[in-house]
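Each chain is listed here by its residues.
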Amino acid sequence: VGAWAFVDHYGPDDIAAGPLSLSRSCHIGRQLALALARAHELEVVHRDVKPNNVFLLHKGGDADFVKLLDFGLARAKDDVSITKSNLLFGTPEYMAPEQASGATVGAKADLYAYGCLLFEMVTGRLPFEGAPTGLIYKHVYEIPPRPRSLRADIPDALEALILRLLHKDPQ
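A quick note: this is a predicted structure, and the numbers were derived from the prediction, not measured. Here the residue numbering is sequential within each chain, running from 1 through the sequence in written order. Since the coordinates come from a predicted model, pLDDT governs what is reported: local features require at least 70, and pairs of side-chain atoms require 80 or more to be given and counted, while whole-chain, interface and lining totals use all residues. Each side-chain value is worked out from all heavy atoms of the structure, with water and hydrogens disregarded.

Colleague: Just to check I follow, could you spell out the pattern of salt bridges for this structure?
Modeller: Here the idea is simple: oppositely charged side chains can pair when their charged atoms come close. Salt bridge, as used here, is a side-chain nitrogen of Lys or Arg placed within 4 Å of a carboxyl oxygen of Asp or Glu. Counted under the stated rule, the structure contains six salt bridges. A salt bridge links Asp64 to Arg24; its shortest N-O distance comes to 2.8 Å. Of this pair, Asp64 sits in strand 4 (residues 62-68) while Arg24 sits in helix 2 (residues 22-41), and the two are 40 residues apart along the sequence. Throughout this description, buried means an accessible area under 20% of the type-specific maximum (1.4 Å probe, protein chains only), exposed means over 50%, and partly exposed covers the range between. Classification of Arg24 by relative accessible area gives partly exposed; the value is 25%. The shortest N-O distance in the salt bridge between Asp153 and Arg151 comes to 2.7 Å. Numbering of helices and strands runs from the N terminus; a helix is a DSSP stretch of H or I covering at least four residues, while a strand is a stretch of E covering at least two.

In structure tokens:
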């Protein structure tokens, strides 16, 4: 495969082993933020940011080179919706409040899902857990736990970033 060698996606197996190291979480998180920034520069909203769509590749000496994949639910800014209204698209565990409530979804919904993913990487669990219907309610109405309540060594700045990403108001 040349300079690229497929490794795996970041996913349930990584989480089952417990939280990732803070340095690995930040390394993966920084690259994911850059990938989302580029998509958003191109006015594309992913709408399904989750571990199964974050692939880690070997590139050079980096065993955690991030590729954000599966833009199957993505929408460009000027796309006209051809789907019925009142349908939810995405994965409930990572769904932004505006997405969960059926409102218009923009780039900030991707940032909320990114916040869920960061929370999960550093704590080893999702900010909200439960059945899909309960998850949707929690994303819209409940405040997530502070990451430091689950892992004391999380730096203040990282916790502040995660909580800001998980804010209910996309503005």
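Colleague: What is the right way to read the layout of surface pockets from this model?
Modeller: Picture a little ball the size of a water molecule; that probe, rolled over the atoms, points out where space is still empty. One number sums up the size of the second largest pocket: a volume of about 280 Å³. When grouped by side-chain class, the residues that make up the lining of the second largest pocket number six nonpolar, two polar and five charged. Grid spacing is 1 Å over the protein atoms alone, the probe is 1.4 Å, and a cavity is where that probe fits but cannot get out, while a pocket is an open set with protein on both sides within 12 Å along at least five of seven lines and lining residues have an atom within 4 Å of a point. Grid points are joined across faces, edges and corners, and a volume is the space filled by probe spheres set on the points. Charged residues are taken to be Asp, Glu, Lys and Arg, nonpolar residues to be Ala, Val, Leu, Ile, Met, Phe, Trp, Tyr, Cys and Pro, and polar residues to be all remaining types, Gly included.

Colleague: How should the confidence of the model for the protein chain be read in this particular structure?
Modeller: Low pLDDT marks stretches whose predicted atomic positions should not be read closely. In the predicted model, the protein chain carries a mean pLDDT of 83, and the fraction of residues at 70 or more is 80%. Known as pLDDT, the predictor's per-residue confidence is scaled from 0 to 100. Averaged pLDDT values over the elements of the protein chain bottom out at 48 in strand 5 (residues 75-76) and peak at 98 in helix 6 (residues 156-165). By definition in these notes, contact holds between two residues if any of their heavy atoms fall within 4.5 Å. Confidence over residues 1-5 falls short of pLDDT 50; this stretch has 10 contacts with residues more than four positions distant or in other chains. Confidence over residues 78-87 falls short of pLDDT 50; this stretch has three contacts with residues more than four positions distant or in other chains.

Colleague: Just to check I follow, could you spell out helix 5 (residues 132-141) for this structure?
Modeller: Listed in full, the buried residues belonging to helix 5 are Leu135, His139 and Val140. On an axial view of helix 5, the arc spanned by its buried residues comes to 130°, and they lie on one face. Within helix 5, the exposed residues directed more than 90 degrees away from the buried face are Thr133 and Tyr141. Contacts made by the buried residues of helix 5 are with helix 3 (97-100) and helix 4 (107-123). Note that the arc is defined by the directions from the helix axis to the C-beta atoms.

Colleague: Help me out: how do you make sense of empty space enclosed by the protein in this one?
Modeller: Enumeration according to the criterion identifies one cavity of 30 Å³ or more in this entry. Computed from the structure, the largest cavity encloses a volume of approximately 50 Å³. Along its surface, the largest cavity is lined by Arg47, Asp48, Val49, Gly90, Thr91, Tyr94, Met95, Gln99, Ala109, Asp110 and Ala113. Considering each element in turn, the lining of the largest cavity owes the most residues, three residues, to helix 4. Residue composition of the lining of the largest cavity, grouped by class: five nonpolar, three polar and three charged.

Colleague: Would you mind going over the environment of Ser21 with me for this structure?
Modeller: Looking at where Ser21 falls in the secondary structure, it is placed in the loop between helix 1 (12-16) and helix 2. In the structure, Ser21 is positioned 100 residues away from Met121 in sequence and 8.2 Å away in space, judged by C-alpha atoms. A polar side-chain atom of Ser21 sits 3.0 Å from the main-chain amide nitrogen of Arg24. In protein, a polar contact requires one atom able to donate a hydrogen and another able to accept it; more generally it is a pair of N or O atoms within 3.5 Å, and residues adjacent in sequence count only if both atoms are side-chain atoms.

Colleague: How should the side chain of Asp110 be read in this particular structure?
Modeller: As for its placement among the helices and strands, Asp110 is situated in helix 4. Neither His nor the chain ends contribute to the count of charged residues, in which Lys and Arg are positive and Asp and Glu negative. No salt bridge is formed by the buried Asp110. Its closest oppositely charged neighbour is Arg47, at 7.3 Å. Excluding residues that lie within four positions of it along the chain, Asp110 makes contacts with Leu36, His40, Val45, His46, Arg47 and Val49.

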